[in-house]
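# An overview of the molecular structure
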Amino acid sequence: MTSRRTRSLLPAFLLCIFVAAVHAGDSPSGRGGSIQTVGAVWSDFCASLGRGDYASAYSFFSADSRQVFPFPDFLVEYGPLSRARELVLSEPIAFAVNLHGDWAEIVFTVEMPVLAQEQRISVGMVRRLGKWELVAGRNEARERTEAAARNTLRHLGGLRIADENALGAALRSPPLAGDPIFSQYRFHVADGVVAALPLRESLRPYHVAPGVPVREGRSPADAPVQSATAPVHAPASVPAQAGRIAEPDGPVMIQATGLMPELSEPPPSGSPDSGALPELSAPPPLAPAAGSGAAAPPAASRLPDRITYSVHGPEL
C-alpha cells in the first residue's frame, strides 16, 4: 500500500469521531458511544485491508454475511487491483454515520482520480449481542430487516407489554404506527414475552422478556446458544497464504467499469431477497458544513432502501 493510502486511514477515523461527537447526543439510540464504536470498527477494517491482511479484514463481516459471501469471493473483490479496495481506502472528503438501533449505515464521499468525479458510498453494519459487524450487500435485506425487528422488540420490552390489547395499542401508536416492519413480522405476546414472528421463512424469530435483552427464538425456551466471540477461520479450501496478498510494485490502476463494493451492493435480480422489502424512503442527504455554501452532495451510489424509526429503551 502506498504511503498516501496509509495516511488516508487516519482522516477517515477522525472524521468519524467528529460526526459521532456531533450526532451521538441527539440520536435516540446513540447513547454517546455506539456511533463511535461503529466508526472504530470501520477504521479497523480499513487498516486491515490497507495492510493486505485480508483474513483479518474478512473477519469484520457478520457470520450471516460470511455464509453468503465466501472468503475466496472477498479476496477477488477486495484484491490489490480491485475498485472496491480503491473506494474504501481513498481519503474521504465527507463522512457520516447514521444509527438506528441495531442497524447503522456509514455514508462517505470520495474523489475518484481516474473518473474525475466524486462518488458517495454507503456501507451497512449490524449489531448482534453488542458487537458491530459489516454486512455483505447480498445479505443486506435480511440483516437489515431482522435488525428492525429487534429494534421494535426493544421498544416494546421497555413498555412492559402484558397482553394483546396493550400490544395492539403500542403497535398502533407512535413511533411504531405504520412501520414497514409489520409487512415482514407479526408481533405476539404471551406470559409477558413479546415475540417477533417472521412472515417469511428466510427470516428468524426474536423475543424479549422482562429484564432480559432481545434474543433469537420465539421464546426463552427455544432461544439458541449465542456467542459474540466465536473465532473466524478462512475456509480450508483457501491456501493459508491467501489471507495476505502482496501489494503491487507499481501504482494501482482503477478500473473505470466494475462492481461496487460488496458492502453496499443490493441483492441480484431474481434472488429471494430481491424486491422482498417494501419501497421505503432513502435517508436524508448529508448536509454541507455550516457556512460553507457548498451544494448538497450527490445521492450515494446504490444506496439501499432503509427501515427507519425512532427507538427508545435500553440497548443490548
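My aim in this report is to walk through the structure given alongside it, one point at a time.

Parameters and conventions
- Residues numbered from 1 in each chain as written.
- Predicted model: local features only at pLDDT ≥ 70, side-chain atom pairs only at ≥ 80, totals over all residues.
- Heavy atoms only, no water.
- Phe/Tyr/Trp six-rings, centres within 6.5 Å; stacked < 30°, edge-to-face > 60°.
- Buried < 20%, exposed > 50% of the residue type's maximum accessible area, 1.4 Å probe, protein only.
- Lys NZ or Arg CZ within 6 Å of the ring centre and 35° of its normal.
- Core = buried A, V, L, I, M, F, W, Y, C linked by side-chain atoms within 4.5 Å.
- Helix = DSSP H or I, 4+ residues; strand = E, 2+ residues; numbered from the N terminus.
- Pairing = 2+ DSSP bridges.
- Axes fitted to C-alpha atoms, helices over the stretch in contact; angles between N-to-C directions.
- Contact = heavy atoms within 4.5 Å.
- Salt bridge = Lys/Arg side-chain N within 4 Å of Asp/Glu carboxyl O.

Right, let's talk about the packing of aromatic side chains for a bit. Applying the stated rule across the entire model yields 16 aromatic pairs. Both rings, one in Phe74 and one in Tyr78, keep their centres 4.9 Å apart while their planes meet at 25°; by these two values the pair is stacked. As far as burial versus exposure is concerned, Phe74 and Tyr78 are alike and both buried. Within the aromatic cluster, the residues linked to one another by ring pairs are Trp42, Phe45, Tyr54, Tyr58, Phe60, Phe61, Phe69, Phe71, Phe74, Tyr78, Phe95 and Phe108. Directly above the aromatic system of Tyr206 lies the positively charged group of Arg150, at a separation of 5.3 Å from the ring centroid.

Grouped together as the largest cluster of nonpolar side chains are 35 residues, with contacts concentrated most on Trp42, Phe45, Phe74, Tyr78 and Ile106. Here the element with the most residues in this core is helix α2 (residues 34–51); it accounts for 7 residues. Of all hydrophobic cores here, the second largest spans 19 residues; its members include Ala170, Leu171, Val189 and Val208.

Moving on: the pairing of strand β3 (residues 117–128). Residues in a regular strand point their side chains to alternate faces of the sheet. With respect to burial, β3 is a largely interior element, 10 of its 12 residues being buried. As judged from the 10 bridges shared by strand β2 (residues 103–112) and β3, these two strands associate in the antiparallel manner. Bridging across to β3, Thr109 finds its partner in Arg120. Relative to strand β4 (residues 131–134), β3 runs antiparallel, the two being bridged by 4 bridges. Within β4, the position partnered with Arg128 by the bridge is Lys131. Hairpin connection of β3 to β4: 2 residues between the antiparallel strands, including Leu129 at a positive phi of 55°.

As paired elements, strand β7 (residues 206–209) and strand β8 (residues 212–216) share 3 bridges and run antiparallel to each other. Paired with Ala209 across the bridge in β8 is Val212. Between β7 and β8, which pair antiparallel one after the other, the connecting turn spans 2 residues, and Gly211 there sits at a positive phi close to 75°.

Spatial strand order, β1-β2-β3-β4: 4 strands in an open sheet with antiparallel pairing. At either margin of the open sheet sits one strand with a lone partner, and together these are β1 (92–100) and β4. Going across the sheet, the axis of each strand differs from the next one's by a mean of 25°, ignoring polarity. Sheet strands in contact with helix α7 (residues 140–159) are β1, β2 and β3, and its direction is about 55° off that of β3.

Strands sit in the order β5-β6-β7-β8 across an open sheet of 4 strands; the sheet is antiparallel. Strands at the two margins of the open sheet, each flanked by one partner only, are β5 (185–190) and β8. The sheet shows a mean angle of 15° between the axes of neighbouring strands, taken without regard to direction. Helix α8 (residues 164–171) contacts β5 and β6 (193–198) of the sheet and is inclined by roughly 145° relative to β5.

Here the focus is the pattern of salt bridges. What the rule picks out here adds up to 11 salt bridges. With a shortest N-O distance of 3.3 Å, Glu140 and Arg144 are connected by a salt bridge. Taken together, the positions of Glu140 and Arg144, both in helix α7 and 4 residues apart, correspond to about one turn of that helix. Here Glu146 ties to Arg204 by a salt bridge, and the two come within 2.6 Å at their closest N and O atoms.

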